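# Summary of the model geometry
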Amino acid sequence: MQKKYFFSTVFFIFLFLQNSQSEIISGSAVVTDGDTIKINNNKIRLFGIDAPEKKQLCEKIFLTISFVSFKKKYPCGEISTEKLKKLINKNIIKCHVEGKDRYQRKLAICFRNKLNINSWLVRNGYAVSYQKYSKKYLSEEIEAKNDKKGIWQGKFEMPWDWRKNAKK
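Presented here is an overview of the structure given in this document.

### Quick notes on the overall build of the chain
Helix and strand counts for the chain stand at five helices and ten strands. In the chain, once contacts between residues fewer than 6 apart in sequence are set aside, the share between residues at least 24 apart is 55%. By element, 55% of the accessible surface of the chain is carried by carbon and sulfur atoms, the whole surface being about 11,200 Å².

This is how it looks when you write it as structure tokens:
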């Protein structure tokens, strides 16, 4: 009786492990924007993060004289895209697919060698944690905010709010 139980347990574990393995996509990536890439014919949205949109502007202080500060708008969406391009820089990218979004893009955690690209973007202030879908990168966001990195140097609209307001 114990032998039968042992083999059925082993078989169950085998099936579980086989089904829990996520799809892996790897190759040269083309950057679409600050949180989307394409590898071969696969459109991949970086899971758990949201970057400023290409046309989105942010604001930061560029000069302070005594009690007066001068602010300027800058293309934070373009900067996020460029930072992702520089990070990838013709390297082979490996993505672990977590699922699909409503636009049928693959949602994935992507790596350049052992560097988690999603995490790096948030930790350096080029994207935010997309907490509506995951809190995986919340600590990286807090770190970037505390260190005033990237978009956290000034004022900005969360990318999901910017998209919603841009449609009006």
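### Describing the pairing of strand E7 (residues 92–100)
Judged from the five bridges that link them, strand E1 (residues 24–33) and E7 form a sheet pairing that is antiparallel. Bridge assignment links isoleucine 24 to a residue of E7, and that residue is histidine 96. Here seven bridges tie E7 to strand E8 (residues 106–112), and the two strands are oriented antiparallel to one another. By the bridge assignment, lysine 94 is partnered in E8 with phenylalanine 111. In textbook terms, the turn of a hairpin is the stretch between consecutive antiparallel strands, and for E7 and E8 this stretch comprises five residues, one of which, glutamine 104, has a positive phi near 65 degrees.

### Focus: the pattern of salt bridges
Scanning the model with the defined rule gives seven salt bridges in all. With its nearest N and O atoms 3.6 Å apart, the salt bridge here joins aspartate 35 to arginine 45. Linking aspartate 35 in the loop between E1 and strand E2 (36–39) with arginine 45 in strand E3 (residues 42–46), this pair joins segments that are ten residues apart in sequence. In this structure aspartate 35 comes out as buried when scored by relative accessible area, which is 2%. A single network of salt bridges, built from pairs that share partners, joins Asp35, Arg45, Asp50, Glu53 and Arg163.

### Here we look at the state of the cysteines
Within the structure shown, the criterion is met by two disulfides. Between the sulfur atoms of cysteine 58 and its disulfide mate cysteine 76 the distance is 2.1 Å. Across the S-S bond linking cysteine 58 and cysteine 76, the dihedral sits near 70 degrees, which makes this disulfide right-handed. Here cysteine 76 lies in helix H2 (residues 76–88) and cysteine 58 lies in strand E5 (residues 58–65), a separation of 18 residues in the sequence. Here the two residues cysteine 58 and cysteine 76 agree in accessibility, since each one is buried. Paired by a disulfide, cysteine 95 and cysteine 110 hold their sulfur atoms 2.1 Å apart. On the sign convention where negative means left-handed, the S-S torsion of about 110 degrees between cysteine 95 and cysteine 110 marks this disulfide as right-handed. Here cysteine 110 lies in strand E8 and cysteine 95 lies in strand E7, a separation of 15 residues in the sequence. Here cysteine 95 and cysteine 110 have matching classes, each one buried. Disulfides within the chain link the bonded cysteines, taken in sequence order, as 1-2, 3-4.

### Focus: the pairing of E8
Side-chain direction in a regular strand flips from residue to residue, so the side chains alternate between the two faces of the sheet. Burial of E8 is extensive: five of the seven residues sit out of reach of the surface. Of the strand pairs in this sheet, E3 and E8 are connected by three bridges, and their pairing is parallel. Across the sheet, isoleucine 44 pairs through a bridge with lysine 106, a residue of E8.

Basis of the calculations
Residues numbered from 1 in each chain as written. Predicted model: local features only at pLDDT ≥ 70, side-chain atom pairs only at ≥ 80, totals over all residues. Heavy atoms only, no water. Helix = DSSP H or I, 4+ residues; strand = E, 2+ residues; numbered from the N terminus. Contact = heavy atoms within 4.5 Å. Areas by Shrake-Rupley, 256 points an atom, 1.4 Å probe, with all protein chains shown as cover. Pairing = 2+ DSSP bridges. Salt bridge = Lys/Arg side-chain N within 4 Å of Asp/Glu carboxyl O. Buried < 20%, exposed > 50% of the residue type's maximum accessible area, 1.4 Å probe, protein only. Disulfide = S-S within 2.5 Å.

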